[in-house]
Amino acid sequence: MSDTVVALGGNAILESGEGTVADQRARIRETRDALAPLVERGHDLTLTHGNGPQVGHRLLAEEAAEGDPEPLDVLVAETQAQVGYLLAGEFGDALGGRPTAVVTRVRVDPDDSAFENPQKPVGPYYSAEEAAAKPFETTAVHRSSGSADGRDDAAGGATAHRRVVPSPEPEELLEADRIRRLADDDGGPVICGGGGGVPVVPADGGDGGDGGDSDDGGTAPDAGAYDGVAAVVDKDRTSRLVAEAVGADTLLFLTDVDAAYLDYGTPDQRRLAEATPAEVREHAADDQFPAGSMGPKIDACATFAGETGGEALIAAPDRLAEALDGDSGTRIVPE
Ligand code: ADP
Ligand code: MG
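All of these numbers come straight from a predicted model, not from anything done at the bench.

Conventions we followed
- Residues numbered from 1 in each chain as written.
- Chains lettered and ligands numbered in written order.
- Predicted model: local features only at pLDDT ≥ 70, side-chain atom pairs only at ≥ 80, totals over all residues.
- Heavy atoms only, no water.
- Helix = DSSP H or I, 4+ residues; strand = E, 2+ residues; numbered from the N terminus.
- Expected span 1.5 Å × (residues − 1).
- Buried < 20%, exposed > 50% of the residue type's maximum accessible area, 1.4 Å probe, protein only.
- Contact = heavy atoms within 4.5 Å.
- Core = buried A, V, L, I, M, F, W, Y, C linked by side-chain atoms within 4.5 Å.
- Salt bridge = Lys/Arg side-chain N within 4 Å of Asp/Glu carboxyl O.

**Here we look at helix 9 (residues 294-308)**
1) Next: Compared with an ideal rise of 1.5 Å per residue, which puts 15 residues at 21 Å, helix 9 spans 21 Å between its outermost C-alpha atoms and is within 8% of the ideal.
2) Next: Phi for Gly 309, located one or two positions after helix 9, is positive at around 80°.

Take a look at the structure:
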């Protein structure tokens, strides 16, 4: 048996279309079928997922609604429940038992430098005039042509504006201990850490109680009060914490590109088939992996492999079986 955390990228939940519930259900069924090679090979699955398009819809709806908008932390929690519910419903028992979705909080450091320098684009696109009138910080982005999923092109596309929020480092999952116990009981896949988790900080400048050492054998990690913050955590970084919390031996990122490439998008691009954490960090230092897309996956893979001795893999859902055989994807293996 292998304990595997599968991080579902945006395209695993919504590929195209308007983003209706029917669109999402249809895409999730394709993802369910794509995960069959893992089930056949005896992997016990814990799942994480993105929430970009879903939280984008909620932000847009809140702007149109009367009264005070719901805060971003609450919107992230809503999308965890929404996507978790859809995944559980469409997966059924196909992945080895009935899935359970956990609304997950991640503690972040209130002094994280991300709070001084918000960089993560979220929500709808605005014109320059619209952006200037918004009560929040915005930035110019390149709008990907035909993108239904709220992602930005690194280059090309028309210039538009989006809200930017801090994306602090996740320090700890408040529910780590409970997630591990759910994952251990073999009752079916656990779905957690959706959208990177709801970012929280200890209330009133406290230390959040116990501090949540997930090795403490069962002390309630979430003793103490926490406040949500207006930020989002990258789901790739949180997925690494989930993998460590459940003691996974494999961390798998499913995304819309079949591997991490060197010189990506140039005539010289080539698949990085296998690398150690040190090798991949050298490529990262060489600016091969942008901070808004491949960067956090590579970082999570390198940290996971380096700290736990497990293997990390980046692959496309429709090439998963090949990737498990080493014929596709990027594998990050301990030294
Ligand atoms: P996800 O929702 O799976 O997190 P992202 O858009 O954040 O998706 O990351 C996947 C994207 O990373 C791909 O669509 C690809 O365009 C982009 N990317 C950037 N640099 C690279 C690279 N060096 N190799 C492969 N893909 C890359
Ligand atoms: Mg991403």
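**Focus on the side chain of Arg 27**
1) Next: With respect to the secondary-structure elements, Arg 27 resides in helix 1 (residues 21-34).
2) Next: By relative accessible area, Arg 27 is classed as buried at 13%.
3) Next: Those residues in contact with Arg 27, other than ones at most four positions away along the chain, are Asn 11, Ala 12, Ile 13, Leu 14 and Glu 15.

**Comments concerning the side chain of Ser 239**
1) Next: Along the chain, Ser 239 turns up in helix 7 (residues 235-245).
2) Next: According to the relative accessible area criterion, Ser 239 is buried, its value standing at 0%.
3) Next: In this view, Ser 239 contacts Val 5, Ala 7, Thr 48, Leu 251 and Phe 253; residues no more than four positions away in its chain are not counted.

**Thoughts on the nonpolar core**
1) Next: Of all hydrophobic cores here, the largest spans 42 residues; its most connected members are Val 280, Phe 289 and Ile 298.
2) Next: For this core, the secondary structure elements donating two or more residues are strand 1 (2-8), strand 4 (105-108), helix 6 (176-184), helix 7, strand 13 (250-254), strand 14 (261-262), helix 9 and strand 17 (311-315).
3) Next: Here the element with the most residues in this core is helix 9; it accounts for seven residues.
4) Next: Those residues within four positions of Ile 298 in sequence are excluded, and the remaining contacts are Ala 260, Val 280, Phe 289, Ile 314 and Ile 332.
5) Next: Membership of the second largest hydrophobic core comes to 22 residues, among which are Ile 13, Val 83, Phe 91 and Leu 254.

**Structural notes on the pattern of salt bridges**
1) Next: Scanning the model with the defined rule gives 24 salt bridges in all.
2) Next: Note that Arg 25 is salt-bridged to Glu 90, the shortest N-O span being 2.7 Å. Placement of the pair is Arg 25 in helix 1 and Glu 90 in helix 4 (residues 72-91), with a sequence separation of 65 residues.
3) Next: For Arg 25, a relative accessible area of 25% corresponds to the partly exposed category.
4) Next: Glu 90 gets classed as buried once you look at its relative accessible area, which sits at 12%.
5) Next: Between Arg 58 and Glu 78 there is a salt bridge whose closest N-O contact spans 2.6 Å. Remark: Glu 78 occurs in helix 4 and Arg 58 occurs in helix 3 (residues 52-64); sequence separation between them is 20 residues.
6) Next: Classification of Glu 78 as partly exposed rests on a relative accessible area of 28%.
7) Next: What emerges from the salt-bridge pattern is a single network uniting Arg 58, Glu 62, Glu 70 and Glu 78.

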